[in-house]
Amino acid sequence: VNRLCIMNDNKGSPTKKRKANDGRVTTDGTHDVNTGNTNDGGFPHISGEHDGASGPSRAENNISQLNRMEVMMMRMEEKLATVSSLENRCEQLEAKCSSLENLLGSTSQSTKEQIDSLHLQLDQNCNSLENRLESISQSTKEHIDKTLKYNEMLIRNQNWEYPAPVYTVNELADAGFNDAEAEHIYQTSQLLQTNTEALRRGNFPQSNDITGNGDRGPGISLGIDGIFDDDTVDELSPHWREFAAALKDFKP
């Protein structure tokens, strides 16, 4: 606090009592003039003597406070920098999370499409396999049925013998047939007997001229030519009946 002191040079004059700013009465011959402002930043007070003892201490105190405030501000700046860094980090993490969400969504959709495609492909493969299996099963069943029928045929014909008689040319001539009729009956009856016995044994006949061009293969080629009377036809009828029955009973 600045004070204005007015000294009394007349030592013989009585000392006037006065009150100091704090209400105390002074008798030291000095006169304090208080400016009425106790703020260091206001108007200074005028004093006849200076506070030599308190000045340095107050300055040191102010410097110390400034230093503490500077340290506090530095710490606050460091905290603000840390907060700013954390905010940037949070923004980066949010951006990364958003990117991962988008990637996950895209991956999920792609995976779903792949799974749907695989399901469709599996369904198609299963349907194809089912059709093939059904076809194979049907074919196998037919083959088994044919095999069973073939074996049953062989069992039925195990003791079978050709029942129709085959006469020689002389026997037929003695029976009243001319040479052409007798030869035709003999050759045809032998041919029908051979093919009928082969069918009954489960062997499909082999022909030396199955196509008419001299090709040999499975088949029956009778090669019967000419026109004959009813007696010739009647003589061959038992052989034709045996051949037709064997052909009907044959199960390849």
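Here, the structure is the one placed above.
Residues numbered from 1 in each chain as written. Predicted model: local features only at pLDDT ≥ 70, side-chain atom pairs only at ≥ 80, totals over all residues. Heavy atoms only, no water.

(A) Spatial organisation of the packing of helix α3 (residues 179-200) against helix α4 (residues 230-249). Between α3 and α4, the shortest axis-to-axis distance is 9 Å and the interhelical angle comes to 15°. The angle between α3 and α4 places the two elements in the roughly parallel class. Pair α3 / α4 crosses with left-handed handedness. Residues Glu181, His184, Ile185, Thr188, Ser189, Leu192, Asn195, Thr196, Leu199 and Arg200 of α3 form the contact with α4, whose own contacting residues are Thr232, Glu235, Leu236, His239, Trp240, Glu242, Phe243, Ala245, Ala246, Leu247 and Asp249. A class-by-class count of the residues in the contact of α3 with α4 yields nine nonpolar, seven polar and five charged. (Axes fitted to C-alpha atoms, helices over the stretch in contact; angles between N-to-C directions. Helix = DSSP H or I, 4+ residues; strand = E, 2+ residues; numbered from the N terminus. Parallel < 35°, antiparallel > 145°, perpendicular 65-115°, else oblique. Left-handed = near helix turned anticlockwise from the far one by under 90°. Contact = heavy atoms within 4.5 Å. Nonpolar A, V, L, I, M, F, W, Y, C, P; charged D, E, K, R; others polar.)

(B) Quick look at α3. Its 22 residues place the ends of α3 32 Å apart at the C-alpha level, agreeing with the 32 Å of an ideal helix rising 1.5 Å per residue. Downstream of α3 by a residue or two, Gly202 has a phi angle that is positive, lying close to 85°. (Expected span 1.5 Å × (residues − 1).)

(C) Focus on the pattern of salt bridges. Going through the model one piece at a time under the given rule, you end up with four salt bridges. The shortest N-O distance in the salt bridge between Asp145 and Lys141 comes to 3.3 Å. Separated by four residues within a single helix, Asp145 and Lys141 lie in helix α1 (residues 54-156), roughly one turn from each other. Across the pair Asp249 and Arg156 runs a salt bridge whose closest N-O atoms are separated by 2.6 Å. Of the two residues, Asp249 is situated in helix α4 and Arg156 in helix α1; the sequence distance between them amounts to 93 residues. (Salt bridge = Lys/Arg side-chain N within 4 Å of Asp/Glu carboxyl O.)

(D) Structural detail: the packing of aromatic side chains. Taken as a whole and judged by the stated rule, the model has two aromatic pairs. On the basis of an interplanar angle of 80° and a centroid distance of 6.2 Å, the ring pair of Trp160 and Tyr162 is categorised as edge-to-face. According to the relative accessible area criterion, Trp160 is partly exposed, its value standing at 23%. An angle of 85° between the planes, with centres 6.3 Å apart, marks the rings of Trp240 and Phe243 as edge-to-face. Pair noted here: Trp240 and Phe243 are both in helix α4, with a separation of three residues, about one helical turn. With relative accessibility at 33%, the residue Trp240 sits in the partly exposed group. Overall, the relative accessible area of 9% leaves Phe243 in the buried class. (Phe/Tyr/Trp six-rings, centres within 6.5 Å; stacked < 30°, edge-to-face > 60°. Buried < 20%, exposed > 50% of the residue type's maximum accessible area, 1.4 Å probe, protein only.)

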